[in-house]
Amino acid sequence: MSLYYLSKLMFDLNRDEAVKARFAEDASRVVGNYALTEEERGAVLDGDIGLLYVLGVNGQLLMHYAALLGVEWSDYLQRMRDGVKQHGPVRAGIYALTTSPDEKVAG
Amino acid sequence: MSLVFAGVCSHAPGITGREDRAPKELRDGLYAGYERMREDLWATKPDALIVLAAEHFANFFMDNMPPFALGMGDAYDGPIEDVDWLRIPKRTVRGDAALSQKLIKQVLQTVDVAYCEEWKFDHGIMVPLHFLDPDNRLTIIPGNINCQGPPLTPLHRAWALGEALRQAADSVPQRIALVGTGGISHWPATPDSGRIDEAWDRDFLDRWTRNDKAALLSYTDEQTYAEAGQGGFEIRTFIATAAAAGGQGKVGFYAPIPIYAVGCTTATMEIA
């Protein structure tokens with residue numbers, strides 16, 4: 001159930017300017033409003049795209065969270081691959097990696 | 001009056017956001033495809049355009065996910081994405097709440113659809129509008145099919161929505177156009193972004209252009225996920241459009257463009 005709230009946080013950040021502004025001001029306070037595990041909480045506060053990907057955040061949410069953090073497209077793709085190398089396969093959801101972590105498809 | 005136009009096209013954000021990173025001839029071919037589709041659409045003099053998309057959590061989330069939704073506002077804003085990332089300027093799009101109400105009432109006779117007086121457009125609608133309505137002059141009614149949060153809307157229900165939209169369009173005095181947006185095989189927003197199965201796409205487009213209902217509805221989600229990625233779930237918008245149009249389709253442009261993350265497609269279908 002925790003992944004749901006982690007995803008909800010990404011959803012709120014992507015679409016709500018007020019949440020975005022509060023997050024820029026005090027990220028940990030915003031994150032505190034969501035029932036997350038320590039690992040999830042840390043991944044958000046560290047901007048750890050690779051771990052968020054492995055935790056199962058839907059790519060359509062993660063892509064925009066990465067853009068919000070100013071992560072460039074090619075870097076975004078690489079961070080997800082690095083995340084799989086470091087933390088193992090994607091644990092949930094429908095956005096699992098289908099190629100080898102060392103492969104580069106495009107971008 | 002009736003449904004006067006039906007078509008489908010890709011909506012991948014890379015098409016605008018990473019425009020300059022594709023080989024120029026592919027980029028130009030795709031952009032010309034959109035331009036031809038724009039001309040075909042405008043030639044039918046639509047009073048309103050229904051953009052039937054597969055959105056990506058701009059409005060709908062797993063707290064209350066509708067299998068289908070239709071907009072019922074007088075105005076909509078988009079894109080929700082960062083303007084520099086998507087490279088599409090913000091705009092307020094004109095809606096028509098009264099027309100939406102009439103259409104929704106009719107659709108509800110056969111298909112349970114959620115209605116929305118608020119709707120923020122994401123790239124699923126904004127990329128097509130950027131090309132098909134560059135000057136922001138059309139009246140737009142957004143539609144959505146859940147292609148993102150499983151359990152997904154079954155394909156045969158997407159077909160039913162298409163038929164319901166057709167009946168609704170035929171029941172109002174206005175001239176209604178319909179554009180379904182989405183990808184065929186693709187693995188968007190994953191590290192596999194750029195993976196495209198051209199043969200799978202061409203087989204799907206063959207079924208679509210023949211408007212072969214049985215063949216279009218024969219995919220299972222397990223098969224689509226394995227062969228065409230989570231992005232392949234968006235075939236629902238193409239299927240609904242085929243059901244609404246009822247005629248034969250014609251592909252205007254198709255080419256896999258990996259940096260855009262999808263087999264880029266524009267196609268139209270005759271109204272029968």
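Everything below is about the structure printed above this text.
## Thoughts on the pairing of strand S10 (residues 262–271) of chain B
Residue and element names in this part refer to chain B.
No. 1: Most of S10 is tucked away: eight of the ten residues are buried.
No. 2: Bridge count between strand S1 (residues 2–9) and S10: four bridges; the pairing is antiparallel. Bridge pairing links Ala-6 to Met-269 in S10.
No. 3: Relative to S10, strand S9 (residues 246–257) runs antiparallel, the two being bridged by nine bridges. By the bridge assignment for S10, Phe-253 is matched with Thr-266.
No. 4: Counting the residues between successive antiparallel strands, the hairpin from S9 to S10 contains four residues, one of them, Ala-261, with a positive phi of roughly 75°.

## Some points on the interface of chain B and chain A
No. 1: With 32 residues of chain B in contact, the opposing surface of chain A contributes 31 residues.
No. 2: Summing both sides of the interface, chain B and chain A together bury roughly 2,700 Å²; the carbon and sulfur share of this comes to 61%.
No. 3: Looking only at chain B, the three residues that lose the most surface to chain A are Phe-61, Ala-189 and Pro-191 of chain B, adding up to 24% of its buried area.
No. 4: Taken together, chain B and chain A are joined by three salt bridges.
No. 5: Measuring nitrogen to oxygen at the nearest pair gives 3.2 Å for the salt bridge that ties Arg-21 of chain B to Glu-72 of chain A.
No. 6: Classifying every residue of the side of chain B that touches chain A gives 17 nonpolar, eight polar and seven charged.

## Side note on helix H4 (residues 38–45) of chain A
Residues and elements named next belong to chain A.
No. 1: For H4, the full list of buried residues reads Glu-40, Ala-43 and Val-44. All buried residues of H4 fall inside an arc of 95° around its axis, so they share one side.
No. 2: Residues of H4 that are buried make contact with helix H1 (2–15), helix H2 (17–25), helix H3 (27–31), helix H5 (49–55) and helix H6 (59–68).
No. 3: In the segment just after H4, Gly-47 is the residue with positive phi, at about 60°.

## As for the sheet that holds S1 of chain B
Residue and element names in this part refer to chain B.
No. 1: Taken in spatial order, the eight strands line up as S6-S3-S7-S2-S8-S1-S10-S9 in an open sheet, and their pairing is mixed. The open sheet has two edge strands with one neighbour each: strand S6 (114–116) and S9. Ignoring strand direction, the axes of neighbouring strands in this sheet form an average angle of 20°.
No. 2: In this sheet, strand S7 (residues 140–145) lies alongside strand S3 (residues 68–71) in antiparallel orientation, the contact comprising three bridges. Following the sheet pairing, Phe-68 is matched in S7 by Ile-145.
No. 3: In the packing of helix H2 (residues 24–43) onto the sheet, the strands contacted are S1, strand S2 (48–53), strand S8 (175–181), S9 and S10, and the crossing angle to S9 comes to about 155°.

## Overview of unusual backbone geometry
Residue and element names in this part refer to chain B.
No. 1: In the segment running from Gly-78 into Pro-79, the intervening peptide bond is cis, with an omega of -5°.
No. 2: Within the secondary structure, Pro-79 is located in the loop between strand S4 (75–78) and helix H3 (83–86).
No. 3: Residue Pro-151 is reached from Pro-150 by a cis peptide bond, and omega for that bond is 5°.
No. 4: For Pro-151, the location among the structural elements is in the loop between S7 and helix H6 (155–170).
No. 5: The residue Asn-136 is not glycine, and still its phi comes out positive at about 60°.
No. 6: The topology assignment puts Asn-136 in the loop between helix H5 (123–132) and S7.

## Notes on the packing of aromatic side chains
Working definition: an aromatic ring pair is given by the centre-to-centre distance plus the angle between the planes.
No. 1: Evaluation of the coordinates by the stated rule reveals 16 aromatic pairs over all chains.
No. 2: Here the aromatic rings of Phe-11 of chain A and Phe-61 of chain B are separated by 4.5 Å at their centres, their planes lie at 15°, and the arrangement is stacked. In this pair, Phe-11 of chain A is assigned in helix H1 and Phe-61 of chain B in the loop between S2 and S3, connecting two distinct chains. Note on accessibility: Phe-11 of chain A and Phe-61 of chain B belong to one class, buried.
No. 3: Aromatic rings pair up to connect Tyr-4, Tyr-5 and Phe-11 of chain A together with Phe-57 and Phe-61 of chain B into one cluster.
No. 4: Between the NZ or CZ atom of Arg-18 of chain B and the centre of the ring of Trp-73 of chain A, over which it lies, the distance is 3.7 Å.
No. 5: The cationic tip of Arg-27 of chain B hangs over the ring face of Tyr-31 of chain B; the distance from NZ or CZ to the ring centre is 3.9 Å.

About the cut-offs
- Residues numbered from 1 in each chain as written.
- Chains lettered and ligands numbered in written order.
- Predicted model: local features only at pLDDT ≥ 70, side-chain atom pairs only at ≥ 80, totals over all residues.
- Heavy atoms only, no water.
- Buried < 20%, exposed > 50% of the residue type's maximum accessible area, 1.4 Å probe, protein only.
- Helix = DSSP H or I, 4+ residues; strand = E, 2+ residues; numbered from the N terminus.
- Pairing = 2+ DSSP bridges.
- Contact = heavy atoms within 4.5 Å.
- Buried area = accessible area lost by both parts, 1.4 Å probe.
- Salt bridge = Lys/Arg side-chain N within 4 Å of Asp/Glu carboxyl O.
- Nonpolar A, V, L, I, M, F, W, Y, C, P; charged D, E, K, R; others polar.
- Arc of directions from axis to C-beta.
- Axes fitted to C-alpha atoms, helices over the stretch in contact; angles between N-to-C directions.
- Phe/Tyr/Trp six-rings, centres within 6.5 Å; stacked < 30°, edge-to-face > 60°.
- Lys NZ or Arg CZ within 6 Å of the ring centre and 35° of its normal.

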